[in-house]
Amino acid sequence: MKARTLALFGLIATLAAGCGTPGGESGDNAKKSEESKKNSAKVDVAKAGDVTLTIWDQEVRGGQKKQITRLNEAFQSTYPNVKIKRVAKSFEDLNTTLKLAVSGPKAPDIVEANQGRQVMGQLVKGGLLKPLDAYADAYGWNDRWSKTLLDLNRFSSDGKQFGSGDLYGVSQQGEIVGVFYNRDMVETVPKTFGEFEDMLAKAKADGHVPISFGNLDKFGGIHEFQTIQNQFTHKEDVRDFVFARGGDGFDTIENRSAAEKLKEWADKGYFTPNFNGTGYDPAWQQFTKGKGPFTIAGTWITSDALSALGDELGFFLMPGREAGTPPVSLGGESLPWGITAKSKNADVAAAYIDFITNAKAADVQVETDNLPATQATTEPSAPVQKEIFAAWKALNDTDGLTPYMDYATPTFYDDFSGAVQKLLAGKLEPTAFTKSVQEDYAKFADKL
Amino acid sequence: MTALAPPGEPRRVAYVYLLPGLVIFGLFVLAPLVHSAWLSLFTWDGVTPGEWSGLENYRAIVSDPQLRAAFGHAFVLVAFYAVGPIAIGLLLAAAMSRSRVRGLTLFRTALFLPQVIALVVVAVMWRMIYDPEGGLLNESLRAIGLGGLAQNWLGSFTLALPSVGLIGTWVMYGLAMVLFTAGVQKIPQSLYDAARMDGAGPVREFFAVTLPGLRNEIAVALTLTTIQALRSFDLIYITTRGGPGDSTSVPAFEVYNRAFRSGDVGTAAAIGVCIAAMIFVLTLLINRIAEREAAR
């Protein structure tokens, strides 16, 4: 018995000793990233010899799948010496498996690494992504995207500062969270926030569901809150908070007012009844079935909503509280395409990223019902697409985009979406809401 | 060889026969377990080098009210996954022990079906059933004039956890029933005859004959369902994602969340080790009790 117990402990000790410190001993990631910054050059892909590019992306839905298939085909027929090995995953799968893949010995060359601290921030911290600034200069990327859009894909090389520093990726599509409406029920687009509220009251009185809203999947509430928040809190304050650039934090009078307004809408019955138990998709599908005049959603539903509602589908940005103020809206861009630090074909990879984001690629985006983040020459045909394109242009011209709250800390998606669910269910009063969000945030921000 | 040695091959040879099994067990069960336990002693984001933190992660599990609540939810789920299905299974087995039902096999297959369907499919299906607007449950309640009972099943802070638990009951009762009906057939008919001769009614018969006869099956069912309850992940992940608020968060979901999403591998490993330890202790306890009862 004793000998066996000893043997067991011996075995466990050997196993444990074999583990070592997780993540390896070499700690100088900044150095690694400096090294990978060198040797970046614009190359002629046709003369690069036989190259295989392994790419991990999440372009699997409708229009996104169409555009990447077309662009990949075009790239390979232009450069037959390059073979593209594509690994397509769902958004969630990509986010959860990327860290392991990129840190492993067989790292892909190109990856879509989601903005924010949860994915991109972690990869940068580990020195696993290559800074793209040299390529940006060589290919002229700094003129292709607005500064706000590029900043979303920037981190300091130690991964601590978000929204500034080195560029780690560029995005193909833009996205806006705004108000979709049913032209059958809405005669004129509201010019002020107050006008919009009057329309909600009227829709409620008429027996409609004013705003179709489902929060079972948790992220809907973030969009609902931020759409209101942008009309109360200054856009720079929202950005400072998300990028952790100091400022007053979340527990401010403005954010409290936004929380009170959201709660007021819930109490007045402006949302789908039992929204906390209704799924995100079923909710906006109710809207396309004519249950009510509005739904607040991201432009990613456009193509599906369009096929259900046709030309009756419209889109506008939530208007400001005073008429004529420039629009401010939650939004950003699709997942950025980055190059791994371990890639042996970084120069060809950069040429690929340039290829799928250039002016021709932007036209492909339009033709496949996507909203290109960059300037396209073609115009979309559907009226709602025209409204979305105009909104995108207005937001870029006046620098009106604000980033998603859940970028702020690695755990903020759950922290914040959970807090909004509590606020809406009356479990947290608006004052307690802003306070508890700030507490969750401080746990991370204080350690920066 | 001295005369004192036991007959046959020397004992050491037995270990050679055990070796292949031990290697596989060691490689795929023991090594990952020990590795997890090792990781749980670090503060590690999964990317940069980890930092030794000793038992800090375990202390965090005890002191973090959110994690404590998650473990509490897991125990509530035990009631739904284990106690409920076993009660239903016993009821069905008792009914079947009294009368020979025609088409028993068909009946049993139909009742066993929930156990066969992939949990992800079950979860997606129940999410649709629980939909407050067009879901089957609320629609049916309204159709029979009980619209007042229609609820915001998965969206309410008080109802979400029991609602998820009931899905577990639905999934698990088939397993309990099949185990028990098989067990009932093993109980000698003479015991039932004797009980009836002594004037026992159906209730007395159940407690005097059926229940003691099913002791081993109950222990097996309790073990399997409790394990399922404590490590349940799929149902929560698909139906509520731990919401609303954190009212349905469970330890296994937290493991996934921390290890793969928020980059907190250390606490994720610590929670995993705690789940494993809890399951180990509980199954040991269940089997001890069942054996002691049997010895009495």
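Remember, it's a predicted structure, so these values are computed and weren't measured experimentally.

### Things to note about the sheet that holds strand β1 (residues 51–57) of chain A
Residues and elements named next belong to chain A.
Moving on, step 1. Strand order in the open sheet formed by four strands is β2-β1-β3-β11, with mixed pairing between adjacent strands. Of all strands in the sheet, those bounded by a partner on one side alone are β2 (82–88) and β11 (337–339). Pairs of neighbouring strands in the sheet enclose a mean axial angle of 25°, with direction left out of account.
Moving on, step 2. Two strands pair when backbone bridges link them, and β1 and strand β3 (residues 110–112) are joined in this way by two bridges, in the parallel orientation. Of the residues in β3, the one forming a bridge with Ile 55 is Ile 110.
Moving on, step 3. Seen against the sheet, helix α3 (residues 62–78) touches β1 and β2 and runs at an angle of roughly 160° to β2.

### Some remarks on the confidence of the model for chain B
Residue and element names in this part refer to chain B.
Moving on, step 1. Averaged over all residues, the pLDDT of chain B is 89; the fraction at 70 or higher stands at 96%.
Moving on, step 2. Within chain B, the lowest mean pLDDT, 83, falls on helix α4 (residues 104–116), and the highest, 94, falls on helix α5 (residues 119–129).
Moving on, step 3. ipTM for the predicted complex: 0.82, alongside a pTM of 0.88.

### Here's the deal with helix α18 (residues 412–424) of chain A
Moving on, step 1. In a regular helix each residue adds 1.5 Å, so 13 residues correspond to 18 Å; α18(A) covers 18 Å between its end C-alpha atoms and thus fits that length.
Moving on, step 2. Counting buried positions along α18(A) gives 13 out of 13 residues, so the element sits mostly inside the fold.

### Digging into the environment of Arg127(B)
Moving on, step 1. Inspection of the secondary structure puts Arg127(B) in helix α5.
Moving on, step 2. Its 21 C-beta neighbours within 10 Å are what place Arg127(B) among the buried residues.
Moving on, step 3. With residues up to four places along the chain from it excluded, the contact list for Arg127(B) reads Gly279(A), Ile238(B) and Thr239(B).

### A short note on the packing of helix α10 (residues 219–229) of chain A against helix α12 (residues 253–267) of chain A
Residue and element names in this part refer to chain A.
Moving on, step 1. At a minimum axis distance of 9 Å, the contact between α10 and α12 shows a crossing angle of 120°. In this view, α10 runs oblique relative to α12, as classed from their interaxial angle. Crossing handedness for the pair α10 and α12: right-handed. Taken together, the residues of α12 that come into contact with α10 (itself represented by Glu 224, Phe 225, Ile 228 and Gln 229) are Asn 255, Ala 258, Lys 261 and Leu 262.

What counts and what doesn't
- Residues numbered from 1 in each chain as written.
- Chains lettered and ligands numbered in written order.
- Predicted model: local features only at pLDDT ≥ 70, side-chain atom pairs only at ≥ 80, totals over all residues.
- Pairing = 2+ DSSP bridges.
- Helix = DSSP H or I, 4+ residues; strand = E, 2+ residues; numbered from the N terminus.
- Axes fitted to C-alpha atoms, helices over the stretch in contact; angles between N-to-C directions.
- Contact = placed C-beta atoms within 7 Å.
- pLDDT = per-residue confidence, 0-100.
- Expected span 1.5 Å × (residues − 1).
- Buried ≥ 20, exposed ≤ 12 C-beta atoms within 10 Å, placed from the backbone.
- Parallel < 35°, antiparallel > 145°, perpendicular 65-115°, else oblique.
- Left-handed = near helix turned anticlockwise from the far one by under 90°.

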